[in-house]
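Spelled out from the first residue to the last, the chains are:
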Amino acid sequence: MSTGVVVTGIGVIGAFGTGRAALLEGLRAGEPRLAEVDRSAGYHRPGGARLAALADLSGIAALVPPALARRMSPPARMAVAAMHLALHDAGLPEGADHAATGIVTGTAFGPAWVTEQLLRQILGQGPDQASPALFTESVASASAAQMALAIRARGPNQTLTQREASDLLALGEAARWILDERCERVLVGVVEESIPVLHALLDRFQALARADAHGPERARPFDRHRNGITAAEGAAVFVLESAAAAARRDAHPICRLLAHGAAFDPSAQAHDWGHGEAALGRSLRRFLARAGRSPEEIDLIVSGASGARRGDRLEALTLRAAWESGKLPPIVAPKGTTGEYGGGFLAAGLLAAGGFRPGPTAGYTTIDPELGIAPWTGGELPAPRLTLLSALASGGAAAWALVAPA
Amino acid sequence: MSPAQRPGGGEAIAITGLGAVSGYGDGTEALWQGLASGASAIGPFTRFEHQRFRTQLASEVREAGASRAPRGDRRSSIADRFALGAAREALAQAGLPSQLDELSCGIYFGSSTGGMFESESYFADLLGEPRRASGIGRLTAQQTCSPGESVGRAHGVHGPVQTVASACASATLALGNALAALRAGEIDMALAGGSDSLCRLTYAGFNSLRAVDPKACRPFRAEREGMSIGEGAAVLVLESAAHARGRGARILGWLVGAGASCDAHHMTAPDPQGAGIARAVEAALADAGLAASEIDFVNVHGTGTPHNDAAEANMLRAVFGDRLPHLPLTSSKGAIGHFLGAAGAIEAVATMLCFLHGAVHPTPGEGAVDPAMGLDLVTGSPRALCGARYALSTNLAFGGTNAAIILGSEPV
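Residues numbered from 1 in each chain as written. Chains lettered and ligands numbered in written order. Predicted model: local features only at pLDDT ≥ 70, side-chain atom pairs only at ≥ 80, totals over all residues. Heavy atoms only, no water.

(A) Representation of the overall build of chain A. Check the secondary structure of chain A and you find 13 helices and 13 strands. Computed over the C-alpha atoms, the radius of gyration of chain A is 20 Å, within 12% of the 22 Å expected from 2.2 N^0.38 for a compact globule of 406 residues. Expressed along its principal axes, the backbone C-alpha trace of chain A runs to roughly 60 × 60 × 40 Å. For chain A, with 406 residues in total, the buried portion stands at 66%. In chain A, once contacts between residues fewer than 6 apart in sequence are set aside, the share between residues at least 24 apart is 78%. (Helix = DSSP H or I, 4+ residues; strand = E, 2+ residues; numbered from the N terminus. Rg over C-alpha atoms; globule rule 2.2 N^0.38 Å. Buried < 20%, exposed > 50% of the residue type's maximum accessible area, 1.4 Å probe, protein only. Contact = heavy atoms within 4.5 Å.)

(B) Examining the side chain of Thr 136 of chain A more closely. Among the structural elements, Thr 136 of chain A can be located in helix α5 (residues 132-137). On the accessibility criterion, Thr 136 of chain A (9% relative accessible area) is buried. Reaching out from Thr 136 of chain A, the side chain makes a polar contact with the backbone oxygen of Pro 132 of chain A at a distance of 2.8 Å. When near neighbours in sequence (up to four residues on either side) are disregarded, Thr 136 of chain A contacts Ala 142 of chain A together with Leu 209, Met 267, Thr 268 and Phe 398 of chain B. (Polar contact = N/O pair within 3.5 Å; in protein donor to acceptor, adjacent residues only side chain to side chain.)

(C) Spotlight on the interface of chain B and chain A. Counting residues at the interface gives 60 residues for chain B and 67 residues for chain A. For the pairing of chain B and chain A, the buried interface totals around 5300 Å² over both sides, and the portion due to carbon and sulfur atoms is 63%. Summed over the shared surface of chain B and chain A, the result is 3 salt bridges. If you list the elements that add at least two residues to the side of chain B that touches chain A, you get α3 (116-127), α4 (146-154), β6 (161-164), α5 (170-183), α6 (200-208) and β9 (253-262) of chain B. (Buried area = accessible area lost by both parts, 1.4 Å probe. Salt bridge = Lys/Arg side-chain N within 4 Å of Asp/Glu carboxyl O.)

(D) Structural view of the layout of surface pockets. Here the second largest pocket is characterised by a volume of approximately 740 Å³. Considering the residues around the second largest pocket, the lining is formed by 35 residues, among which Arg 176, Trp 177, Asp 180 and Arg 182 of chain A together with Ala 180 of chain B are closest to the centre. For the lining of the second largest pocket, the secondary-structure elements that each account for two or more residues are α7 (166-179) and β9 (255-264) of chain A together with α5, β9, α8 (275-288) and β16 (401-409) of chain B. Sort the elements by how many residues they give to the lining of the second largest pocket and α5 of chain B lands first, with 7 residues. When the residues that make up the lining of the second largest pocket are grouped by side-chain class, the tally is 17 nonpolar, 8 polar and 10 charged. (1 Å grid on protein atoms, 1.4 Å probe; cavity = no way out; pocket = protein on both sides within 12 Å on 5 of 7 lines; lining within 4 Å. Points joined across faces, edges and corners; volume = space filled by probe spheres on them. Nonpolar A, V, L, I, M, F, W, Y, C, P; charged D, E, K, R; others polar.)

(E) Structural context of helix α6 (residues 142-151) of chain A. A large share of α6 of chain A lies buried, amounting to 8 of its 10 residues. A positive backbone phi angle near 55° is found at Arg 152 of chain A, which sits one or two residues after α6 of chain A.

(F) Quick peek at the packing of helix α10 (residues 277-290) of chain A against helix α11 (residues 309-323) of chain A. Residue and element names in this part refer to chain A. α11 packs onto α10 with a crossing angle of 55° between their chain directions and a minimal axis gap of 7 Å. Judged by the inter-axis angle, α10 sits oblique to α11. Handedness of the crossing formed by α10 with α11: right-handed. Contacts between α10 and α11 involve Glu 277, Ala 278, Leu 280, Gly 281, Leu 284 and Arg 285 from the former and Arg 313, Leu 314, Leu 317, Thr 318, Leu 319, Ala 321, Ala 322 and Trp 323 from the latter. (Axes fitted to C-alpha atoms, helices over the stretch in contact; angles between N-to-C directions. Parallel < 35°, antiparallel > 145°, perpendicular 65-115°, else oblique. Left-handed = near helix turned anticlockwise from the far one by under 90°.)

Right under this line is the structure:
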């Protein structure tokens, strides 16, 4: 990838609030905003996880008129609202021409609430009770479609789903569209909702953090006593443009995307991470080499470590394998604050790469000797010149991006 | 001039292996024999009880061969197994080893529901009254990305693995993503395709939209009433020409261009003028460095819904103009139903089989072709192709997503 892709706008909605200022404030505070999940439906096991980073949706009504919002799935509402924030952040006026704007979204689970309601109708009341409106909104691409409808974006439109790597894969695909001159502008959306049944199922797979003798129920990225993720919901939308297009309209880029890459760990189980750190480390080195970079040039890693027991292990050992005997640069793991899913990680990563102070890694207290990684927990961190964003997904997918300040 | 060398077009990518699982059975030979026969694979099905559904037909893969769960495997979904069967066949035809550890290979898959069928049985227990205990293992392969990941795990893939979930355009978009990654030199080869299985959610959903024909679907017929849902998988082995030639592979054909667009018109209905899909086709032609006049036949989306077929006819008229009445068209969905997220993959394989067998397969369906459309729909029996070089394949999806690819034959 050349230096030709810039991020000119970011719109976010999550537990931290609405807008990138709210996200940055949350990251600096270094404390996740967790709320009790509704367990009244009885999906949860006794003694199971109770908390999630549920999105603060109070700002949506001002961004998506209720008459439009009621036709959208919950994630589509969040995505459209985040898109309006991102376009505003990018200095693109309402009513701007989006005839050639592309959209690529990433999601791990798609519209979960709509799917649950549809299954309730079909399985409980009978197939003839299925709602066509719900069915239409049940497809994973519904958010991307609603975004396109809202601004008449008629460029390519695509949704990627690859668990925890969906966000970085979407970012990479969007960058490619710009570099291939298929679009001058692409909106990248990352969106997820957290509903009780999904929360309960993640807990049954033992994916969620629990309270224990070492601390309360929260994600502890890279920590010796980590025991699971915090499920999050929210949406993040990023305006990507060719550097030339951004310059033509005097936009103020936040950061530059230099390269994207991806790999796979075939040792992974369908619902867990594998042990392919050596091969993933080689893949990461090859990715950097293809971008004309070496590990030593990277001065910040924004890691997708989420507090998952095996996921963080694989992330740490992959980074160490890629750096071989070299010293790793400072590492931050924003999912300790933002939670897993919903775009907070990618927003935090792009903002950190652009020079915004990322805040300490929430939840980390004790080094894990097997991992040998102590994430940055605060204090002075020089503005990075080259940032690596890293996301390893359960199921085997891996994705990376190299990002520089604008 | 080889399809690999077209002035003004992007690099063409070699196709060296094909694999398919469809309602005609396992494998591309069964697929071609079925397609060429003109007999539809759409009929009664047994996957789930469907007496209370509005329609009663589908194109079902029987639980045999590739689709059967290996002994002791209680976790892979039917869609996973379809994908694995198609990938095995494609790799064997390409002369590649089963384990791809040493190769720079990526996986680009499309799916709309992944393991939804298996999830439904779990949710039936979970949502039922009284609630029943249910094994969480049934959800292991629930995710839409599971078929592609299953192929990656089974064949030791270390390159990128990504799944497009853009409803009925998913696999066509995935093929386009693979084409771009190969051209960019990110990988030397790719397994590109898609997999989806029948499930209650999509069957009931499309019925709720009144988009399913009570009879086997009748693409472009005057009396058409909707689609028929199918299931299965298809995989294509894609390689850079240098990589394919370097290992002495037989090149079956070429992926020469891809294009995409969005109608931004309506969540379910296509732009009635077909302007959105026309832009995707024009983008694919430009990407391939071809003029519309160089397309020899078209495998259209052709669902059989009144709206889709009319919009596609308008697109074809806009793109091909006066040639349209003499341009052979086929819809694989008339034969094997709509594979939803995998449709673009099976239709790409069907298109390649047309090249390889020198004939366009017919489109089954009752009744006369809609005379208002002015189309040359191939019906009855295969239509011989003479010196055909390029074919267009199109897919449209919910949300107005449009995708088109152009495939090329390999001159003998």
